[in-house]
Structure formats: structure tokens, C-alpha cells
Amino acid sequence: MNVYSIENGSYATNCYLLQSGGDFAVVDCGVFDPAFDAFLSAHGVETLRYILLTHGHFDHILGVRALREKYGGEIVISDGDKRCLEREDLSLNAWSSYGVQTPVTADVAVSDGDRLPFGDGEIEVLFTPGHTRGGVCYLFGDCLFSGDTLFYRSMGRSDMPGGDTLTLLQSLSRLRALPGNYRVLPGHGPESTLDSERRNNPFMRR
Ligand SMILES: [Zn+2]
């Protein structure tokens, strides 16, 4: 498997391209701009199997419709956040100047523990609410795509609609308790590892 990342849009969203076997998937797409398009074609992407969304905020989803029009792919988001794709009051785009939100419908609404066949394995869905009502992380191989739940030495905001601090801390406890170590690939900021965050993240230490 291979993972590539690009910092996308004016909110510096980390978007990822995941490749395994002959399959490609994108994790989050804030804007589908020429840089993002060039990033995909430079890695040989012709079609996507999935567009995996960690949550429904505009800086992670606004480019999804245009991305799918060019590269295909099933749009995957949690049941709790899927309506953000259709309503800019829920994605919070209504209060941003990021761009126009053209509604799009999810193809797959995932819940905790769901597994999506991909390449040589399966992508596992972990329900990690608290930043939004329906935030999820995706596990594949040694990678944890942590969205805006877990950041390098920090965690996502919990003060926006649908957010809840205690719920977010419980989600971090759940990540902490995962067996073994993972690369942590967050929605913003630098990459980390789960062991390093277990030791050094003030929101994750016991
Ligand atoms: Zn967010």
C-alpha cells in the first residue's frame, strides 16, 4: 500500500490518496482545484474506488462533487454527518467564504465497525464523534486517518454545532486503546504516530 498527502485549500486541509493493489481512494477533499487534480494524475489515478470523508465540515467536503465527476468513486461518510453533503448550514459552509456548496448525496453511510473491501485488505471504520456528531476515523494497514478528531499533540475543536468536549475526549480514549501503533494522518497539521500521541498529547494521556 502507498499513502500520499497534499495540503488542500485555504484551510490547509490534509487530503490523502491511498493506493492498494489496483484500487485508489481519497480521504477528504476541501476543494477540487487544479493542484489536487494534478496530484491525482501524477500518481496515476484514473478512477477512484472511494471518496472517504472523515466528517461533514466544508473544508473537508466542498470539492467532493467535482472530484467524483472527474474520477468517480463511492462517497463514504457516516450516517450522522451525511446530511452535511446536502446542506451548507450543517457543513457550516453557510458561514464561510470558502466557495459554493453544490449538494451531493452519499453513496455509503457507514457506522462503527464497518469494513470496506479495498485493494489487498479492508478499510475499517471507527466512530469517533465529538468534533462533529458523526466524525469517523478510517484504519487501513498501519495508517489511522484521524480527521479532526486527533491532531499532532492536540485535538479538534468541540465548540461548533454538533461538537461535544466529553464525547471527543471519549473518542480519543478509544483511539488510545487501539492495539499497537499506527501512523496518525490527521485532517490538519503534521503527521504523527499513535505511540507518540499516547505519550505526549495532553488530551490523550491518562
Ligand atoms: Zn472539521
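Residues numbered from 1 in each chain as written. Predicted model: local features only at pLDDT ≥ 70, side-chain atom pairs only at ≥ 80, totals over all residues.

Draft legend 1. Spatial organisation of the environment of Val64. You can see Val64 is positioned in helix H3 (residues 64–71). On the basis of neighbour counts, which here come to 24 C-beta atoms within 10 Å, the residue Val64 falls in the buried class. In this structure the C-alpha to C-alpha distance between Val64 and Asp28, which are 36 residues apart in sequence, comes to 7.9 Å. (Helix = DSSP H or I, 4+ residues; strand = E, 2+ residues; numbered from the N terminus. Buried ≥ 20, exposed ≤ 12 C-beta atoms within 10 Å, placed from the backbone.)

Draft legend 2. How the structure looks around the sheet that holds strand E8 (residues 121–127). The strand order E7-E8-E9-E10-E13-E14 describes an open sheet built from six strands, whose pairing is mixed. Both edges of this open sheet fall to strand E7 (115–118) and strand E14 (192–193), since each of them pairs with a single strand only. Sheet topology note: the strand E9 (residues 136–140)/strand E10 (residues 143–147) ladder contains three bridges and is antiparallel. By the bridge assignment, Leu139 is partnered in E10 with Leu144. (Pairing = 2+ DSSP bridges.)

Draft legend 3. Geometry of unusual backbone geometry. Despite not being glycine, Ala12 has its phi angle at roughly 50°, a positive value. Mapped onto the secondary structure, Ala12 falls in the loop between strand E1 (2–8) and strand E2 (13–20). Look at Arg153: it is not a glycine, yet its phi comes out positive at around 60°. Looking at the element boundaries, Arg153 is found in the loop between strand E11 (150–151) and strand E12 (154–155).

Draft legend 4. Looking closely at the sheet that holds strand E5 (residues 74–78). On the basis of which strands lie adjacent, the open sheet formed by six strands has the order E1-E2-E3-E4-E5-E6 and mixed pairing. This sheet does not close on itself; its edge strands, each paired only once, are E1 and strand E6 (108–110). This sheet shows a mean twist of 25° between the axes of neighbouring strands, independent of strand direction. With three bridges connecting them, strand E4 (residues 50–52) and E5 associate as parallel partners. When the bridges of E5 are listed, Leu52 appears paired with Val76. Packing of H3 onto the sheet brings it into contact with strand E3 (23–27), E4 and E5, and relative to E4 it is tilted by some 165°. (Axes fitted to C-alpha atoms, helices over the stretch in contact; angles between N-to-C directions. Contact = placed C-beta atoms within 7 Å.)

Draft legend 5. Examining the nonpolar core more closely. Within the largest apolar cluster, 51 residues are counted, with the highest numbers of intra-cluster contacts made by Ala25, Val26, Val27, Cys29, Ile51, Leu52 and Tyr138. Beyond its immediate sequence surroundings of up to four residues, Ala25 is in contact with Leu18, Leu48, Arg49, Tyr50, Leu52 and Phe118. (Core = buried A, V, L, I, M, F, W, Y, C linked by C-beta atoms within 7 Å.)

Draft legend 6. Layout of the environment of Asn2. One can find Asn2 in strand E1. What makes Asn2 exposed here is the crowd of 11 C-beta atoms within 10 Å. Taking C-alpha positions, Asn2 is 25 Å from Arg198, a pair spaced 196 residues apart along the chain.

Draft legend 7. Summary view of the pairing of E10. Of all five residues that make up E10, four are buried, and the element is covered over most of its length. Between the antiparallel neighbours E9 and E10 lie two residues, among them Gly141 with a positive phi of about 60°. Sheet topology places E10 next to strand E13 (residues 183–186); four bridges connect them, and they run parallel. Its bridge partner lying in E13, Gly147 is registered against Pro186.

So, to be careful, I would describe these as geometric facts and stop short of saying anything about function.
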